[in-house]
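Chains, contacts and geometry: an overview
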Amino acid sequence: MDIRITPSILNADFDDLANEIAKVAEDSDLIHLDVMDNIFVPNFTFDFNAASKIIANCPIDIDVHLMVADVDRIGIEYAEIGSTSVTFHIEASDDPKKLISEIQKHGARAGVALKPNTPFEVISDLIDLVDMVLVMTVEPGFGGQSFMEDQMAKVSQVRAALNSSSRDIWLQVDGGISTETIEIATRAGADTFVAGSAVYKSADPAQMVQKLRALALNQLNNLK
């Protein structure tokens with residue numbers, strides 16, 4: 001199992017994103033782009049044009065997390081413009097199987113996300129179709145929230161399901177990931193970590209990415 005660290009620019013300086021991304025690009029696996037529409041969640045980040053420019057100019061792969069309504073249409077658009085991974089919320093999709101297929105058809109990995117109150121069983125029939133499952137460890141919509149350790153049972157459920165698949169399916173956690181929590185999430189079975197506040201509120205964002213990776217890898221080795 002590989003470990004991936006995907007810094008979220010939600011807590012970065014939006015007025016200087018090129019430089020903010022450059023700070024962590026060499027040490028990160030992907031950049032996590034949170035797209036919020038103030039409908040599905042009570043916050044707004046980027047419209048499609050702004051997000052398109054970020055994706056086009058990003059020096060490393062982009063991991064798009066869509067917290068938007070009308071995701072069955074919007075998800076395809078983000079795959080079309082070169083996102084490496086497009087994750088949608090199961091709660092917002094009317095036809096998740098079709099959306100997964102369309103995202104993949106346009107060359108992107110397809111991820112499905114679960115809010116804290118959404119049980120794993122809602123997506124159990126999608127496991128053999130998706131490329132990533134995202135378990136939210138905060139309520140989606142805002143950065144800087146506290147890690148919800150009670151979601152680790154769900155992470156373990158997802159890991160057990162993924163272990164029965166021969167496909168390369170990632171298990172991502174997003175929310176409150178820090179030096180204090182990344183080992184907990186690794187033990188539960190996560191391999192892909194979104195870190196926003198921990199990275200961009202640190203004195204040295206690149207060094208924090210390195211530290212988070214080292215903690216996760218050490219925990220993974222202890223589990224073997």
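Data block above holds the structure.
Residues numbered from 1 in each chain as written. Predicted model: local features only at pLDDT ≥ 70, side-chain atom pairs only at ≥ 80, totals over all residues. Heavy atoms only, no water.

**What to know about the pattern of salt bridges**
Put simply, the rule is: Within this document, salt bridges are pairs made up of a side-chain nitrogen of Lys or Arg and a carboxyl oxygen of Asp or Glu, the two lying within 4 Å of each other. Working definition: helices are DSSP H or I runs of at least four residues, strands are E runs of at least two. Numbering for both runs from the N terminus. Only protein chains enter the accessibility calculation, which uses a 1.4 Å probe; a residue whose area is less than 20% of its type maximum is buried, one above 50% is exposed, and one in between is partly exposed.
Counted under the stated rule, the structure contains 9 salt bridges. Between Asp29 and Arg213 there is a salt bridge; the shortest N-O distance is 2.9 Å. In this pair, Asp29 is assigned in the loop between α1 (17–25) and β2 (31–36) and Arg213 in helix α8 (residues 205–223), connecting sequence segments 184 residues apart. Among the residues examined, Arg213 registers a relative accessible area of 19% and is labelled buried. Asp125 serves as the salt-bridge partner of Lys97, at 3.8 Å between the closest nitrogen and oxygen. Here the residue Lys97 occupies a position in helix α4 (residues 96–105), and Asp125 occupies one in the loop between β5 (109–114) and β6 (132–136), the gap between them amounting to 28 residues. Looking at Lys97, the relative accessible area reads 44%, which means it is partly exposed. Residue Asp125 is classed as partly exposed on the basis of its relative accessible area of 48%. Residues participating in the shared-partner salt-bridge network are Arg4, Arg159 and Asp191.

**Some details on the packing of helix α3 (residues 71–80) against α4**
What counts here: Angles here are taken between N-to-C directions and fall from 0 to 180 degrees, while the axes themselves are lines fitted to C-alpha atoms, restricted in helices to the stretch in contact. By the definition adopted for this analysis, an angle is roughly parallel if under 35 degrees, roughly antiparallel if over 145, roughly perpendicular if from 65 to 115, and oblique otherwise. Here a crossing is taken to be left-handed if its near helix is turned anticlockwise relative to the far helix by less than a right angle, and right-handed if that turn runs clockwise. Residues are treated as being in contact if the distance between any of their heavy atoms lies within 4.5 Å. Under this grouping Gly is polar, as are all residues other than the nonpolar Ala, Val, Leu, Ile, Met, Phe, Trp, Tyr, Cys and Pro and the charged Asp, Glu, Lys and Arg.
Packing of α3 against α4 leaves a shortest axis separation of 8 Å and a crossing angle of 15°. With respect to α4, the axis of α3 lies roughly parallel. Where α3 crosses over α4, the handedness of that crossing is right-handed. For the pair α3 and α4, contact is made by Val71, Asp72, Gly75, Ile76 and Ala79 and by Leu99, Glu102 and Ile103, respectively. For the contact of α3 with α4, a count of residues per class yields 5 nonpolar, 1 polar and 2 charged.

**A few points about the environment of Ala153**
The topology assignment puts Ala153 in helix α5 (residues 152–163). Along the sequence, Ala153 and Gly189 sit 36 residues apart, while their C-alpha atoms lie 9.8 Å from each other.

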